[in-house]
Each structure stands twice: as C-alpha cells, then as structure tokens.
Amino acid sequence: MRYMIINKADADSEAGKLPSAEVGEAVGKVVEDLSKAGVLLFAEGVHRSSLGARVRVDGGQRTVTDGPFAETKELVGGMIVVEVRNRDEAIEWAARLAEALQGEVEVRRVVEEADFGPDADVFAG
C-alpha cells in the first residue's frame, strides 16, 4: 500500500525561510532510513505559495488566482510517499518524520487502481 505523509507549510516556510540545520539533518536522516528500508518512493518539498497559483474552472470559465494564499495551515509544505505493508507501518514512519520536524504530519493512503474494482470501497482503510 502506498501512503503519503504530508507536512504542512508554516509562517517560516511561507516566508521562504529554510528549516534550522537541526531539523534539516533530522529530516534527512528519516529520508535516508526510509530509502535504506526500501519503502521510499519519493520525498519532495514545495516552494512557498507566493510562487504558486490556484486554478478553478466553473461552467467552462477559467479563473487563475496567484499566491500567496492566506490559510497557511491549509497549505502543503512537503510530502513523502512510501510503499509499506499497512497503515500502522506508515504511521510509524510518519511519527519519525513528525519528531524530526518537531511538529505534526498527516498520513493519507494513496488511491490505487484496485480500489475501483467492482466490489471495492475506495474509502475503506
């Protein structure tokens, strides 16, 4: 099963500030351990929202809104995608990342083709 571990943006990341060396090293160690364990698919951070845009299409009308976006707590700061045996394993890795970041992360299962089979419940655990 694939899971995405998402860390949220914060005021510092939205201001373009890099994390402290301590946090950077701790996150690097978690990513290295994920890679050594053979479960890491990718790990990426994203630039601040002032460099981004939101695109909406409604009734064929396209609207583009340039960043920055006000609700920092709703923004993604980075993500790691892992392929693990189960949710518990994903949570264990997420806990290590949260500790490295000295904060909170979110764990979400990635939807896969098998989730759309005839008897599948795409929202099941």
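Criteria and thresholds
Residues numbered from 1 in each chain as written. Predicted model: local features only at pLDDT ≥ 70, side-chain atom pairs only at ≥ 80, totals over all residues. Heavy atoms only, no water. Helix = DSSP H or I, 4+ residues; strand = E, 2+ residues; numbered from the N terminus. Contact = heavy atoms within 4.5 Å. Axes fitted to C-alpha atoms, helices over the stretch in contact; angles between N-to-C directions. Parallel < 35°, antiparallel > 145°, perpendicular 65-115°, else oblique. Left-handed = near helix turned anticlockwise from the far one by under 90°. Nonpolar A, V, L, I, M, F, W, Y, C, P; charged D, E, K, R; others polar. Core = buried A, V, L, I, M, F, W, Y, C linked by side-chain atoms within 4.5 Å. Buried < 20%, exposed > 50% of the residue type's maximum accessible area, 1.4 Å probe, protein only. Lys, Arg positive; Asp, Glu negative; His and termini not counted. Salt bridge = Lys/Arg side-chain N within 4 Å of Asp/Glu carboxyl O. Expected span 1.5 Å × (residues − 1). Arc of directions from axis to C-beta. Pairing = 2+ DSSP bridges. 1 Å grid on protein atoms, 1.4 Å probe; cavity = no way out; pocket = protein on both sides within 12 Å on 5 of 7 lines; lining within 4 Å. Points joined across faces, edges and corners; volume = space filled by probe spheres on them.

Quick notes on the side chain of Glu89
Checked against the element boundaries, Glu89 lands in helix H3 (residues 87–101). Non-local contacts of Glu89, meaning those with residues more than four positions away in its chain, are made with Val39 and Val84.

Details of the packing of helix H2 (residues 21–36) against H3
Packing of H2 against H3 leaves a shortest axis separation of 8 Å and a crossing angle of 165°. With respect to H3, the axis of H2 lies roughly antiparallel. In this structure, H2 crosses over H3, and the sense of that crossing is right-handed. When H2 is examined against H3, the residues Val23, Ala26, Val27, Val30, Asp33 and Leu34 are found in contact with a partner set consisting of Trp93, Arg96, Leu97, Ala100 and Leu101. Class assignment of the residues belonging to the contact of H2 with H3 gives a composition of 9 nonpolar, no polar and 2 charged.

Thoughts on the nonpolar core
By size, the foremost hydrophobic cluster in this structure holds 15 residues, and its most contacted members are Ile5, Leu34, Val82 and Val84. Mapped by element, the contributors of at least two residues to this core are strand S1 (2–8), H2, strand S5 (76–83) and H3. It is H3 that provides the largest number of residues to this core, a total of 6 residues. Not counting the four nearest positions on each side in its chain, Val84 is found in contact with Met1, Tyr3, Val39, Glu89, Ala90 and Trp93.

A look at the side chain of Glu14
Structurally, Glu14 can be placed in helix H1 (residues 11–14). Buried charge without a salt bridge: Glu14, with Arg48 as the nearest opposite-charge side chain at an N-O distance of 7.3 Å. Excluding residues within four positions of it along the chain, Glu14 makes contact with Ala9, Arg48, Ser49, Ser50, Phe69, Thr72 and Leu75.

As for H2
Every α-helix winds through 3.6 residues per turn, so residues three or four apart in the chain are directed the same way. Its 16 residues place the ends of H2 22 Å apart at the C-alpha level, agreeing with the 22 Å of an ideal helix rising 1.5 Å per residue. When we look at burial in H2, the residues that qualify are Val23, Val30, Asp33 and Leu34. Seen along its axis, H2 keeps its buried residues to an arc of 105°; they face one direction. Relative to its buried face, H2 has exposed residues pointing more than 90 degrees away, namely Ala21, Glu25 and Lys36. Buried residues along H2 sit against strand S2 (40–45), S5 and H3. Directly beyond the C-terminal end of H2, a positive phi value near 75° is found at Gly38.

Examining the sheet that holds strand S6 (residues 105–109)
Reading across the sheet, the 4 strands line up as S2-S5-S1-S6 and stay open at both edges, with antiparallel pairing between neighbours. Looking at strand neighbours, the two that pair on one side only are S2 and S6, the edges of this open sheet. Within the sheet, the average angular offset between the axes of one strand and its neighbour, ignoring direction, is 15°. Judged from the 7 bridges that link them, S1 and S5 form a sheet pairing that is antiparallel.

Side note on the layout of surface pockets
Of the pockets and cavities examined, the largest pocket occupies roughly 1,000 Å³. Within the residue set of the lining of the largest pocket, elements represented by two or more residues are S1, H1, H2, S2, S5 and H3. If one sorts the elements of the lining of the largest pocket by residue count, S5 sits on top with 5 residues.

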